[in-house]
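# Tertiary structure, described
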Amino acid sequence: MTPDPYAWIEESLATIHRADWYRKVQTLSDRPGATVVLAGQEVINFASNDYLGLAGDERLIAAATAATRELGTGSTGSRLLSGHRQLHRDLEKAIASLKQTEDAIVFSSGYLANLGAIAAVVGKRDLILSDQYNHSSLKNGAILSGATIREYPHCDILALKTQLSQQRQNYRRCLIITDSVFSMDGDLCPLPTLLAIAEEFNCMLLVDEAHATGVMGQTGAGCVEFFGCTGKQLIQIGTLSKALGSLGGYVAGDAHLIDFLRNRAPTWIYTTGLSPADTAAALAAIYIVQQEPQRRTQLWDNVDYLKNLMQQQLPQLKLLPTESPILCFQLPSPTDALQVGKQLKDAGIFAPAIRPPTVPTSRIRISVMATHQTKHIEALIAALKNRNLV
Ligand code: PMP
């Protein structure tokens, strides 16, 4: 019999199934919001990154529609060739103004922003120190760069300092990379301490504000603002696809850094510019983030309300420490997490199970939105209590 070089795929899939790690898509069929229709069933949505409820906002839709009418559906080329529009520059200036940095550059996704920025600023002769719980895009950016990668235990500053004292002198440049809000736990990196360490050991610091943009800080600029670190020299990455309700990613920082990325970031140079619709929607969202702080206030009121109810009524829940709108409770196994996710769905609540290998321990991940109403939050609590799930 001729050997089948693809036979391993079926075997691998079988292994994934056996471990209960198998993933499949779920179809949502209306505009994103606090409630959505999931496979034909209306559910309360605790699964979305649309923290401010902007992805279904009429103003974003109008901006995207107008940009499409004026500029077409695609940008037709790399930004350095035929793909650049004034709208892209307007968005980059708006991001720089929100982040209070000299400049910003927009990528086609947050994932590509991380890959491109990391691969551009370090290489084979350099060292990357990476938090163990960093997002996949940071980890893969590190691999793409060709630098030596050392992971430090989650937020363990002592371990980070030890690694730097032992290894920093063996490398040309050094980059510390970290999420600011950790996406699957909801806790925050100790940014001021990381900045001090970066300075002490002559390292660059790259912080991923994906879940912080529009959410954290007085003006929604992110954790850098929240921690009072605005204006410090560092590389800030973010996404336009979560609180900003669109699609795309950005790097914000010094003018020289951004200029360098325009010349060296492979995931910016060799990919098509962001579509006019996505660009215009993100620009409209930044305006709303700046003009409507009440959305953020409402979001944090909702987070507090849910946390208080959980503490009072579900003290047995193994909640992970969180300082963001992401609340997770742990379950013993992937099978338990899947079962609880399914039971919640049957009760009209969409809060997904997150399992290895995405995270080390299985959990249900709840993300709160500004547009959740009191009754939505109370329904989640009731479902958790009624089902005796935990
Ligand atoms: N960084 C973090 C921390 C994320 O959670 C995500 C999205 N899950 C990304 C980057 C990638 O962003 P995007 O969806 O825009 O590619």
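Residues numbered from 1 in each chain as written. Predicted model: local features only at pLDDT ≥ 70, side-chain atom pairs only at ≥ 80, totals over all residues.

### Structural notes on the site of the ligand
The cut-off we apply is this: Here is the check we use: build the C-beta atom from the backbone, and if it is within 6 Å of the molecule or strand, call the residue near. Secondary structure elements are defined from DSSP: runs of H or I of at least 4 residues count as helices, runs of E of at least 2 residues count as strands, and each element is numbered from the N terminus. When residues are grouped by polarity, Ala, Val, Leu, Ile, Met, Phe, Trp, Tyr, Cys and Pro land in nonpolar, Asp, Glu, Lys and Arg in charged, and all others, Gly among them, in polar.
The local shell around the ligand holds 14 residues, among which S109, G110, Y111, A210 and T239 are the closest. The leading source of residues in the shell around the ligand is helix α4 (residues 110–121), at 3 residues. Within the shell around the ligand, the residues separate by chemical class into 2 nonpolar, 10 polar and 2 charged.

### Side note on the UniProt feature "modified residue: N6-(pyridoxal phosphate)lysine" (unreviewed entry) in the chain
Put simply, the test is: UniProt positions are given in the numbering used here, feature names are shortened, and annotations may be inferred rather than shown by experiment. Any two residues are considered in contact once their C-beta atoms, placed from the backbone, lie within 7 Å.
As annotated in UniProt, the feature "modified residue: N6-(pyridoxal phosphate)lysine" (unreviewed entry) corresponds to K242 in the numbering used here. In this structure, K242 sits in the loop between β8 (235–239) and β9 (249–253). Ignoring any residue separated from it by four or fewer positions in sequence, one finds K242 in contact with N49, Y51, A210, H211 and T213.

### Overview of the sheet that holds strand β13 (residues 363–367)
We apply this condition: When DSSP finds two or more bridges between two strands, those strands count as paired.
Strand order in this open sheet of 3 strands is β10-β13-β12, and the pairing throughout is antiparallel. Looking at strand neighbours, the two that pair on one side only are β10 (326–330) and β12 (353–354), the edges of this open sheet.

### Points about unusual backbone geometry
Glycine aside, residues mostly have negative phi, and peptide bonds are mostly found in the trans state. Heads up, the rule is: Around each residue's C-beta, the other C-beta atoms within 10 Å are counted; 20 or more make the residue buried, 12 or fewer make it exposed, and counts in between make it partly exposed. All C-beta atoms are placed from the backbone.
Between P356 and the following residue, P357, the backbone shows a cis peptide bond with an omega angle of 10°. Take P357: it is sitting in the loop between β12 and β13. Phi at D20 takes a positive value of approximately 60°, unusual for a residue other than glycine. Mapping D20 onto the fold places it in the loop between α1 (7–18) and β1 (35–38). Phi at Q100 is positive, roughly 55°, even though this residue is not glycine. For Q100, the location among the structural elements is in the loop between α3 (86–99) and β3 (103–107). A residue is classified by how many C-beta atoms lie within 10 Å of it, and Q100, with 13 of them, is partly exposed.

### Some thoughts on the UniProt feature "domain: Aminotransferase class I/classII large" (unreviewed entry) in the chain
Within the UniProt annotation, "domain: Aminotransferase class I/classII large" (unreviewed entry) is assigned to residues 42–384. Helix makes up 44% of residues 42–384 and strand 16%, whereas the separation of the span's terminal C-alpha atoms amounts to 18 Å.

### Overview of the packing of α3 against helix α11 (residues 276–291)
Basically, it comes down to this: Think of each axis as a best-fit line through the C-alpha atoms, taken over the contacting stretch in the case of a helix, with angles from 0 to 180 degrees between the N-to-C directions. Roughly parallel means an angle under 35 degrees; roughly antiparallel, over 145; roughly perpendicular, 65 to 115; everything else is oblique. Handedness of a crossing follows from how the near helix is turned relative to the far one, being left-handed for an anticlockwise turn of less than a right angle and right-handed for a clockwise one.
Look at α3 against α11: their axes get within 9 Å of each other, and the N-to-C directions meet at 30°. The orientation of α3 relative to α11 falls into the category roughly parallel. Classified by chirality, the crossing of α11 by α3 is left-handed. For the pair α3 and α11, contact is made by L87, H88, D90, L91, A94, I95 and L98 and by P276, T279, A280, A282, L283, I286, V289 and Q290, respectively. Its residues placed into classes, the contact of α3 with α11 shows 11 nonpolar, 3 polar and 1 charged.

### As for the environment of D185
Looking at the secondary structure, you find D185 in the loop between β6 (174–179) and α7 (191–200). Those residues in contact with D185 that lie beyond four places of it in its chain are Y133, L320, T322 and C328.

### A short note on helix α13 (residues 334–346)
Worth spelling out the cut-off: Any helix carries an expected span of 1.5 Å times its number of residues minus one. Directions drawn from the helix axis to the C-beta atoms are what define this arc.
Taking 1.5 Å as the rise per residue, α13 with 13 residues should run 18 Å; its terminal C-alpha atoms sit 18 Å apart, in good agreement. Along α13, the positions that sit buried rather than exposed are A337, V340, G341 and L344. Seen from one end, α13 has its buried residues packed into an arc of 100°, which puts them on one side. Every exposed residue of α13 that faces more than 90 degrees away from the buried side is listed here: K342 and D346. Tucked inside the fold, the buried residues of α13 contact β11 (349–350), β12, β13 and α14 (374–386). Immediately beyond the C-terminal end of α13, within one or two residues, lies G348, with a positive phi of roughly 85°.

### Considering the sheet that holds β1
Taken in spatial order, the 3 strands of this open sheet run β1-β2-β11, and their pairing is mixed. Here the strands that pair on one side only, and so sit at the sheet edges, are β1 and β11. Judged from the 4 bridges that link them, β1 and strand β2 (residues 41–45) form a sheet pairing that is antiparallel. When the sheet's bridge partners are listed, T35 is paired in β2 with I44.

### Some words on the nonpolar core
Within soluble globular proteins, side chains that are nonpolar tend to cluster in buried spots. Heads up, the condition is: Throughout this description, the term nonpolar core refers to a group of buried Ala, Val, Leu, Ile, Met, Phe, Trp, Tyr and Cys residues whose C-beta atoms join them within 7 Å. An automatic or database domain assignment supplies the start and end points of every domain.
Core analysis: the largest hydrophobic core is formed by 113 residues, its most contacted members being A117, L205, Y250 and V251. Here this core takes 9 residues from α11, the largest share from any one element. Among the domains, domain 1 (27–56 + 293–386) and domain 2 (58–291) are the pair contributing at least three residues each to this core. Discounting residues that sit within four places of it in the chain, V251 has contacts with A104, I105, A113, A117, I235, Q236, I237, I258 and L261.

### Brief notes about the domain arrangement of the chain
Partitioning the chain into domains gives domain 1 (27–56 + 293–386) and domain 2 (58–291). With 21 residues of domain 1 in contact, the opposing surface of domain 2 contributes 17 residues. Put simply, the parts of the chain that give the side of domain 1 that touches domain 2 at least two residues each are α12 (293–313) and β10. When residues of the side of domain 1 that touches domain 2 are assigned to their parent elements, the largest contribution, 3 residues, is made by β10. Its residues placed into classes, the side of domain 1 that touches domain 2 shows 13 nonpolar, 4 polar and 4 charged.

### Some points on the packing of α4 against helix α5 (residues 136–145)
Taken N-terminus to C-terminus, the directions of α4 and α5 make an angle of 35°; their axes are 8 Å apart at the nearest point. Of the two elements, α4 crosses α5, and the hand of that crossing is right-handed. Residues G110, Y111, N114, L115, A117, I118 and A119 of α4 form the contact with α5, whose participating residues are S137, L138, N140, G141, A142, L144 and S145. Partitioning the contact of α4 with α5 into residue classes produces 8 nonpolar, 6 polar and no charged.

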